[in-house]
Amino acid sequence: MYGNDRSSLRRVFFNAWDKYKQSIPLQGIERILIDIILQHPEYHDVLNDRDRYLDHDWPPEAGETNPFMHMSMHVSIEEQLATNSPSGIVEHFTRIVETGIGRHEAIHNMMDCLAEAVWKSQRNETSNLEETYIECLENTGRP
């Protein structure tokens, strides 16, 4: 969707937000981005200041969440749900939602699992990302 260039990725978010504010019709992925952006009003100030935040860093050690990483993770989960890929992901999502936490929080739980799986895969230099992700999801929301 975005390539490997951080600025290009961020421009997609900035451009979708600008179009939304100007009531310009949205295309394809822009509709998904706006749905996600609207769920995160805490990021609107960032999206309103392209010059300041296009190349801004949010180092983890500073304790801040990178809004573009967070919203991109949302996009990833939405795409997984739309395609049921990996296989069975919709069932995991449904089970998590049925614990009573709501759709948005369920997606955040899934994002935590995805981030953990990516981190473990990179740390251990393994290719079992999907297996680790599914295993985490299986334990999410269970006593």
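Use the structure listed above.
Residues numbered from 1 in each chain as written. Predicted model: local features only at pLDDT ≥ 70, side-chain atom pairs only at ≥ 80, totals over all residues. Heavy atoms only, no water.

With that settled, the discussion passes to the state of the cysteines. Inspection of the entire model under this criterion finds one disulfide. The partner cysteine of Cys113 in its disulfide is Cys136, sulfur to sulfur 2.2 Å. Looking down the S-S bond of the Cys113 and Cys136 bridge, the torsion is -70°, so its handedness is left-handed. Here Cys136 lies in helix H8 (residues 129–139) and Cys113 lies in helix H7 (residues 103–124), a separation of 23 residues in the sequence. (Disulfide = S-S within 2.5 Å. Helix = DSSP H or I, 4+ residues; strand = E, 2+ residues; numbered from the N terminus.)

With that settled, consider the pattern of salt bridges. A pair can form between side chains of opposite charge whenever their charged atoms are brought close. Enumeration according to the criterion identifies six salt bridges in this entry. Close ionic contact of Arg6 with Asp57 constitutes a salt bridge, the shortest N to O distance being 2.4 Å. Residue Arg6 is found in helix H1 (residues 6–21), and its partner Asp57 is found in the loop between helix H4 (50–53) and helix H5 (67–83); the two are separated by 51 residues along the sequence. Judged by relative accessible area, which is 48%, Asp57 ranks as partly exposed. (Salt bridge = Lys/Arg side-chain N within 4 Å of Asp/Glu carboxyl O. Buried < 20%, exposed > 50% of the residue type's maximum accessible area, 1.4 Å probe, protein only.)

This part covers the nonpolar core. The tendency in soluble globular proteins is for nonpolar side chains to be buried side by side. Ranked by internal contacts, the top residues of the largest apolar core, which has 19 residues, are Phe13, Phe14, Ile34, Ile37, Leu47, Phe68 and Met71. Every element with two or more residues in this core is listed here: H1, helix H2 (29–38), helix H3 (44–47) and H5. In terms of residue count, the dominant contributor to this core is H1 (five residues). In this view, Met71 contacts Phe13, Ile36, Ile37, Tyr43 and Leu47; residues no more than four positions away in its chain are not counted. In terms of nonpolar packing, the next biggest core, distinct from the first, is built from 17 residues, Ile89, Leu114, Ala117 and Ile134 among them. (Core = buried A, V, L, I, M, F, W, Y, C linked by side-chain atoms within 4.5 Å. Contact = heavy atoms within 4.5 Å.)

A few words now on the packing of aromatic side chains. The tally for this structure, following the rule as stated, stands at five aromatic pairs. Seen from their ring centres, Tyr53 and Trp58 are 5.7 Å apart, and the 15° between their planes marks the pair as stacked. The class for Trp58 is buried, based on a relative accessible area of 11%. A connected cluster of aromatic rings, assembled from ring pairs, spans Phe13, Phe14, Tyr53, Trp58 and Phe68. (Phe/Tyr/Trp six-rings, centres within 6.5 Å; stacked < 30°, edge-to-face > 60°.)

Further remarks concern the packing of H2 against H5. Closest axis-to-axis distance for the H2/H5 pair is 10 Å, and the angle between their directions is 120°. Judged by the angle between their axes, H2 and H5 are oblique. When the axes of H2 and H5 are compared, the crossing they make is right-handed. Contacts between H2 and H5 pair Ile29, Leu33, Ile36 and Ile37 from the former with Met71, His74, Val75, Glu78 and Glu79 from the latter. For the contact of H2 with H5, the per-class residue count stands at six nonpolar, one polar and two charged. (Axes fitted to C-alpha atoms, helices over the stretch in contact; angles between N-to-C directions. Parallel < 35°, antiparallel > 145°, perpendicular 65-115°, else oblique. Left-handed = near helix turned anticlockwise from the far one by under 90°. Nonpolar A, V, L, I, M, F, W, Y, C, P; charged D, E, K, R; others polar.)

All right, on to the packing of H7 against H8 then. For the pair H7 and H8, interaxial distance at closest approach is 8 Å and the crossing angle is 145°. Remark: the crossing between H7 and H8 carries right-handed chirality. Between H7 and H8, the residues in contact are Met110, Cys113, Leu114, Glu116, Ala117, Val118, Lys120 and Ser121 and Leu129, Thr132, Tyr133, Cys136 and Leu137, respectively. Among the residues forming the contact of H7 with H8, the class breakdown is nine nonpolar, two polar and two charged.

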